[in-house]
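Reading the structure
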Amino acid sequence: YYYNSILPPSCTGHRGRTPRRKWQVFPGRNRFYCDGRVMMARQTGVFYLTLVLILLTSGLFFAFDCPYLASNLSPAIPAVGAVLFVFVMGMLFRASFSDPGVLPRATPDEAADLERQIDSTGCSKPPPRTREVLINGQTVKLKYCFTCKIFRPPRASHCSLCDNCVERFDHHCPWVGNCVGRRNYRFFYLFILSLSFLTIFIFAFVITHVVLRSNRTGFLTTLKDSPVVVCFFSVWSIVGLSGFHTYLISSNQTTNEDIKGTWSKKEGKDNYNPYSYGNVLTNCCAALCGPLPPSLIDRRGLIQADTPQTAHQSNGTGGGSYCDQDQCLQSTKFVLQAAATPLLHSDPVVLPPLPAKPASLGGPCAYLAPAQPTLPSCAGDVLTLRDTAVDSHCHHHLHLHHLHHHQHFASPEETPCGTPQGALPCPAHMHLQHPAPPVRYDPVTQDSLHEDSVRGLVKLSSV
Amino acid sequence: MAETHSLQDMRQQAAVAAKVFIQRDYSNGTMCQFQTKFPSELETKIDKQQFEETIRTLNNLYAEAEKLGSQSFIEGCLACLTAYTVFLCMETHYEKVLKKIAKYIQEQNDKIYAPRGLLLTDPIERGLRVIEITIYEDRSFSR
């Protein structure tokens, strides 16, 4: 759907078509269902496996064990089981379908402003892309996210699988088919907690059933009708996971921090968790009963041009935005073409030639598409911001292709992009006019990139 | 002369001269707070006290939204017991405060910022990352 959002059917003078929603131009690698109400990661196969396992196990339990248990022991058993089952499913859906706390990417103006601030601190060396903050007496480093063009808040992390920065990033859970972050951590925790109870419950009563039955019929015949095997393995893994997350909640850490040992005691340094409230009960309350922040990405909002227009741009309230989109679509298309032709990547400086990977081509589409809603500023009506806004588009493009080479990004003022529609000759400008000397290796950025991808892999394996 | 701009007029006719971004202040942790440092671009436009007052009020409102008080605790427990279906009919505390913030910003814009050719953008529209202050050119189009 990336390409759909860049090349809509038609645009000139077309006022009658339904305005599109923001989820359709969302830059991350997420999937949306029910017109933006449901948000999941790209790979949902394992989530369906989870569903099947839970439904199968519970189904077998209710079908085969409950009749016997209800009549011979107590009808409360299936009732409690049903309540648990409904709660588990509810929490699973809540954890899977909600926004984990995705941070929307910076608007072009913001990105340009940040670039200006970063570059203003000396030009000969690569500018530092970290900021240090003192939180409760601990020094915390805020890293700059190249994809989202923001300085990540503390505890936020960029999920490489979903390609989003997520607040209070815990991990990416393939079983749940989504990232686990600030907004859905409590659902995730309640899901695994209630699932532990459910599996222990089913396991216990199935064993009871088998034992009681085998007094009359054979042990093995009753065993083969019961979902014991599935229960047995899942009990240990789920209970273990619940225990681990209970520990994390009580010490107010994320899986991310625990795995990296961010707050573990190190010799010589007074290292402690600055986010912990001190006692276990407060930490638990904060994690589970704290206020639920709203989603920051407004998936179902309608796309509209909300920035001011100059006289020559505004052809009426409706038409203006569409024609701006058209111009910016042109510029977007041009940048895509530029991306496809390696010739434009003129690297007379020391970098090896860029591999023309299809994956990197998919990138610009994703990154440039979301600029659409705020694109009127790129079409040239914003006088002093014109160059910086357009250049930040080019920076998107440039960032992506030079990501592995860590080229020094020239500040916007050094590479003016001339024309009002700016972006047309821009890729050429951008690549040919690099006055700054090349920087081969920037350990800071290299670290963060590798960290992000490693973290993504670790998350997968940790679950 | 052209000092009293109305919000509508400004949006339709004025050109944007510059944008100032007030970044987040993380010194108290991950709570949503904004830096109160007065940006140099606004020196000629608005009184420092006025600006700091606005930011401080916004910070207080956000702190109220994220406060771990008894109200949020009760709301959390109730929500958990009803499997979060209660939010189908009720707004969360945070959302209520966000509405208050939107109203406050609107009011500040109307009374204080618009007459000086400035416009505050609600941070929620920028993902609670920044407070964007748009500086508009003088209506006289001296460019």
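Position numbers for residues count from 1 along each chain, tracking the sequence in the order it is written. Chain A is the first chain written and ligand 1 is the first ligand written, with later ones labelled in order. Thresholds applied to this predicted model are a pLDDT of at least 70 for local features of residues and 80 or more for the giving and counting of side-chain atom pairs; totals over whole chains, interfaces and linings are not thresholded and use all residues. Side-chain figures throughout are based on the complete set of non-hydrogen atoms in the structure, without hydrogens or water.

Thoughts on the nonpolar core
Note the following rule: Definition of nonpolar core: a set of buried residues of the types Ala, Val, Leu, Ile, Met, Phe, Trp, Tyr and Cys, connected through side-chain atoms within 4.5 Å. To sort residues, take the accessible area from a 1.4 Å probe on protein chains only and compare it with the maximum for the residue type: under 20% means buried, over 50% means exposed, and anything in between is partly exposed. Secondary structure elements follow DSSP: runs of H or I of four or more residues count as helices, runs of E of two or more count as strands, with numbering from the N terminus. Here a residue-residue contact requires only that any non-hydrogen atoms of the pair lie within 4.5 Å.
Grouped together as the largest cluster of nonpolar side chains are 42 residues, with contacts concentrated most on Ile-54, Phe-61, Phe-188 and Phe-191 of chain A. At the level of secondary structure, the elements contributing two or more residues to this core comprise strand 2 (38-41), helix 2 (45-72), helix 3 (76-97), helix 5 (185-214) and helix 7 (228-250) of chain A. Among the elements that make up this core, the one with the highest residue count is helix 5 of chain A (13 residues). Excluding residues within four positions of it along the chain, Phe-188 of chain A makes contact with Ala-95, His-171, Cys-173, Val-176, Val-180, Leu-241 and His-245 of chain A. Counting 36 residues, the second largest nonpolar core, distinct from the first, contains Cys-32, Leu-61, Tyr-62 and Ile-112 of chain B.

With respect to the confidence of the model for chain A
All names here are of chain A. How we decide: A residue's pLDDT is the confidence the predictor assigns to it, expressed on a 0 to 100 scale.
Confidence in the prediction for chain A averages 69 pLDDT; 56% of positions are at 70 or higher. Confidence drops under pLDDT 50 across residues 307-329; counting only partners more than four residues distant or on other chains, this segment forms 47 contacts. Note that pLDDT drops below 50 for residues 343-454; the model gives that stretch 202 contacts with residues more than four away or on any other chain.

Overview of the sheet that holds strand 7 (residues 157-159) of chain A
Residues and elements named next belong to chain A. Rules: Strand pairing follows a simple DSSP-based rule, namely that at least 2 bridges must link the two strands.
The strand order across the open sheet formed by three strands is 3-8-7, and the pairing between neighbours is antiparallel. Looking at the sheet topology across the chains shown, the edges are occupied by strand 3 (102-103) and strand 7. Pairing geometry for strand 7 and strand 8 (residues 164-166), over three bridges, is antiparallel. Of the residues in strand 8, the one forming a bridge with Ser-157 is Val-166.

Focus: the interface of chain B and chain A
Buried accessible area, meaning the area lost when the parts come together, often serves as the stated size of an interface. Inclusion rule: Simply put, the buried area is the total loss of 1.4 Å probe accessible area from both parts when two parts are fitted together. Salt bridge, as used here, is a side-chain nitrogen of Lys or Arg placed within 4 Å of a carboxyl oxygen of Asp or Glu. For this analysis, a polar contact is any N or O atom pair within 3.5 Å, provided that within protein one partner can donate a hydrogen and the other can accept it, and provided that sequence-adjacent residues contribute only side-chain to side-chain pairs. Three classes are used: nonpolar for Ala, Val, Leu, Ile, Met, Phe, Trp, Tyr, Cys and Pro, charged for Asp, Glu, Lys and Arg, and polar for all others, with Gly counted as polar.
Contacts between chain B and chain A engage 40 residues on the former and 46 residues on the latter. Buried area between chain B and chain A, both sides added, is near 3,300 Å², and the carbon and sulfur share of it is 64%. The largest share of the area that chain B buries against chain A comes from Tyr-26, Tyr-84 and Arg-129 of chain B, three residues that together contribute 21% of it. Between chain B and chain A we count three salt bridges in total. Here Asp-109 of chain A makes a salt bridge to Lys-19 of chain B, at a shortest N to O gap of 2.8 Å. Here chain B is connected to chain A by four residue pairs in polar contact (both at pLDDT 80 or more). At five residues, helix 3 (residues 70-81) of chain B tops the list of elements feeding residues into the side of chain B that touches chain A. Split by residue class, the side of chain B that touches chain A holds 20 nonpolar, 10 polar and 10 charged.

Thoughts on the pairing of strand 3 (residues 131-136) of chain B
Residues and elements named next belong to chain B. In terms of burial, strand 3 is largely enclosed, as six of its six residues are buried. What you see with strand 3 is no split at all: Ile-131, Ile-133 and Ile-135 on one side and Glu-132, Thr-134 and Tyr-136 on the other are buried throughout. Taken together, the six bridges between strand 1 (residues 16-22) and strand 3 define a ladder with antiparallel strand orientation. Among the inter-strand pairings, Lys-19 is bridged to a residue of strand 3, identified as Thr-134.

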